[in-house]
Amino acid sequence: MYDPVQLRTFLTVAQTLSFTQAAGRLGVRQSTVSQHVRRLEEATGRPLFLRDTHRVELTEDGEALLGFAGTILAAHERAAAFFTGTRLRGRLRFGASEDFVLTRLPEILEGFRQEHPEVDLELSVELSGTLHERLDAGRLDLVLAKRRGPGDERGRLVWRDRMVWIGAEGLRLDADRPVPLIAFPPPGITRARALEVLERDGRAWRIACTSGSLSGLVAAARAGLGVMAHTRGLIPPGLVRVPGLPELGPVEFALLRGPQGGAAADALAAAILSGGDRLSRPA
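In short, a report on the structure. Given the structure is predicted, the values throughout are model-derived calculations rather than measurements.

Moving on, we get to the pattern of salt bridges. With the rule as written, the count across this model stands at 15 salt bridges. Residue Asp266 is joined to Arg257 by a salt bridge in which the shortest nitrogen-to-oxygen separation is 2.8 Å. Taking relative accessible area as the criterion, Asp266 reaches 42% and is therefore assigned partly exposed. Residue classification places Arg257 among the partly exposed residues on the basis of a relative accessible area of 40%.

Next up on the list: the packing of aromatic side chains. Taken as a whole and judged by the stated rule, the model has 4 aromatic pairs. With a centroid separation of 5.0 Å and an interplanar angle of 65°, the aromatic rings of Phe100 and Phe253 are classed as edge-to-face. Residue Phe100 is found in the loop between strand 3 (90-97) and helix 5 (105-115), and its partner Phe253 is found in strand 11 (residues 250-257); the two are separated by 153 residues along the sequence. A relative accessible area of 0% places Phe253 in the buried class. Here the aromatic rings of Trp159 and Phe253 are separated by 5.4 Å at their centres, their planes lie at 15°, and the arrangement is stacked. One end of the pair, Trp159, is in strand 6 (residues 156-168); the other, Phe253, is in strand 11, with 94 residues separating them in the sequence. Through pairs of rings, three or more aromatic residues link up here, namely Phe10, Phe19 and Phe49.

What follows deals with unusual backbone geometry. With omega at 10°, the peptide bond leading from Pro186 into Pro187 counts as cis. Mapping Pro187 onto the fold places it in the loop between strand 7 (179-183) and helix 7 (189-200). For Leu17, which is not glycine, the phi torsion reads 55° and is therefore positive. If you trace the backbone, Leu17 turns up in the loop between helix 1 (4-16) and helix 2 (19-26). For Leu17, a relative accessible area of 33% corresponds to the partly exposed category.

Running from N to C, helix 5 and helix 9 (residues 262-274) cross one another at 135°; their axes reach a closest spacing of 10 Å. Of the possible angle classes, the one that applies to helix 5 and helix 9 is oblique. The crossing of helix 5 and helix 9 is right-handed. Contact residues: Ile108, Leu109 and Phe112 in helix 5; Ala264, Ala267, Leu268, Ala271 and Ile272 in helix 9.

The next thing to look at is the side chain of Ser128. Its location among the elements puts Ser128 in helix 6 (residues 128-136). Residue class for Ser128 comes out buried when judged on its relative accessible area of 4%. Setting aside its immediate chain neighbours within four residues, Ser128 contacts Ser97, Asp99, Ala145, Lys146 and Ile189.

Now for the nonpolar core. Residues Phe94, Leu144, Trp165, Val227, Leu255, Leu268 and Ile272 are the most contacted members of the largest nonpolar core, which totals 40 residues. If you list the elements that add at least two residues to this core, you get strand 3, helix 5, strand 5 (142-146), strand 6, strand 7, helix 7, strand 11 and helix 9. The element contributing the most residues to this core is helix 9, with 8 residues. In terms of nonpolar packing, the next biggest core, distinct from the first, is built from 19 residues, Phe10, Val33, Leu40 and Ala69 among them.

Before going further, it helps to spend a moment on the pairing of strand 7. Burial within strand 7 is extensive, with 5 of its 5 residues counted as buried. Across the two faces of strand 7 the burial is the same, with Val179, Leu181 and Ala183 and Pro180 and Ile182 all buried. Pairing of strand 7 with strand 8 (residues 205-210), which is carried by 5 bridges, proceeds in the parallel orientation. Looking at strand 8, one finds that Leu181 is bridged to Ile207. Between the parallel elements strand 7 and strand 8, the chain passes through helix 7 in a crossover that is right-handed.

Under the definition given, this model contains 3 cavities of 30 Å³ or more. Taken as a whole, the largest cavity encloses approximately 90 Å³ of empty space. As for the largest cavity, its lining consists of Leu181, Ile182, Ala183, Phe184, Thr190, Arg191, Ala194, Leu195, Ile207, Leu217, Met228 and Ala229. Of all the elements in the fold, those that place two or more residues in the lining of the largest cavity are strand 7, helix 7 and strand 9 (228-231). At 4 residues, helix 7 tops the list of elements feeding residues into the lining of the largest cavity. Of the volumes computed, that of the second largest cavity is approximately 50 Å³. Together, Ser97, Glu98, Asp99, Leu127, Ser128, Lys146, Phe184, Gly188, Ile189 and Thr190 line the second largest cavity. The residue makeup of the lining of the second largest cavity, split by class, is 3 nonpolar, 4 polar and 3 charged.

Rules of the game
- Residues numbered from 1 in each chain as written.
- Predicted model: local features only at pLDDT ≥ 70, side-chain atom pairs only at ≥ 80, totals over all residues.
- Heavy atoms only, no water.
- Salt bridge = Lys/Arg side-chain N within 4 Å of Asp/Glu carboxyl O.
- Buried < 20%, exposed > 50% of the residue type's maximum accessible area, 1.4 Å probe, protein only.
- Phe/Tyr/Trp six-rings, centres within 6.5 Å; stacked < 30°, edge-to-face > 60°.
- Helix = DSSP H or I, 4+ residues; strand = E, 2+ residues; numbered from the N terminus.
- Axes fitted to C-alpha atoms, helices over the stretch in contact; angles between N-to-C directions.
- Parallel < 35°, antiparallel > 145°, perpendicular 65-115°, else oblique.
- Left-handed = near helix turned anticlockwise from the far one by under 90°.
- Contact = heavy atoms within 4.5 Å.
- Core = buried A, V, L, I, M, F, W, Y, C linked by side-chain atoms within 4.5 Å.
- Pairing = 2+ DSSP bridges.
- Right-handed = clockwise from strand over helix to strand, strands pointing away.
- 1 Å grid on protein atoms, 1.4 Å probe; cavity = no way out; pocket = protein on both sides within 12 Å on 5 of 7 lines; lining within 4 Å.
- Points joined across faces, edges and corners; volume = space filled by probe spheres on them.
- Nonpolar A, V, L, I, M, F, W, Y, C, P; charged D, E, K, R; others polar.

Below, the structure is given as structure tokens:
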């Protein structure tokens with residue numbers, strides 16, 4: 001049997017790819033995180049992470065454990081909620097970034113609804129920039145969105161990755177012509193990052209397609225209209241990385257809670273953090 005505490009630590013390290021960040025999120029020492037991972041590796045008999053002084057990566061066995069860990073923890077939490085007899089009620093206004101439209105976030109929300117049927121969950125899917133604005137205005141209780149950029153440490157880190165350029169397979173960019181961009185409209189955080197790095201690199205650009213929905217952008221990219229900046233772990237089927245453009249840098253997704261979210265917001269936040277590995281896998 002695997003210890004749920006160790007499994008939660010494992011998932012947190014897998015989501016942040018940092019023992020230091022995992023310790024901060026869990027509120028424990030880094031040595032405790034290392035101890036939990038070591039004991040879990042002893043229990044499985046397999047190495048779960050490749051790590052050195054510069055990076056942390058999951059091994060193949062670590063990738064395999066992700067799904068099992070999420071399932072075990074979800075069952076553990078359902079059992080705990082059943083026997084404590086707590087029942088949440090009220091309205092919860094939850095906002096999720098467009099980035100998660102094609103992931104398994106709906107599975108997490110479905111599980112939350114089953115566990116808390118008396119909570120009226122209102123879902124808004126928007127650009128991360130718009131979600132930040134709505135949360136600040138008091139129109140949302142909980143938000144899962146990109147952090148605005150370096151130095152933004154608001155909320156609880158859910159997942160860290162890198163942004164990459166993607167497009168249709170076989171797409172070729174002419175170095176003498178402006179880069180054709182497929183992008184969300186303002187205040188899209190991804191759009192702002194793409195324009196910033198191209199201008200810093202001295203590359204001319206033009207907007208080839210704008211859409212407020214991820215599905216619209218993906219359709220344009222598959223049609224070969226241009227390139228789009230996107231999270232590396234969420235590349236949609238039919239699209240591939242496009243080389244030859246400046247690095248876009250890291251991206252962080254965080255949970256941000258409004259002051260009026262209450263126990264329902266805390267419960268959904270816990271469910272998302274427990275099932276965070278499913279956010280990096282397509283539906």
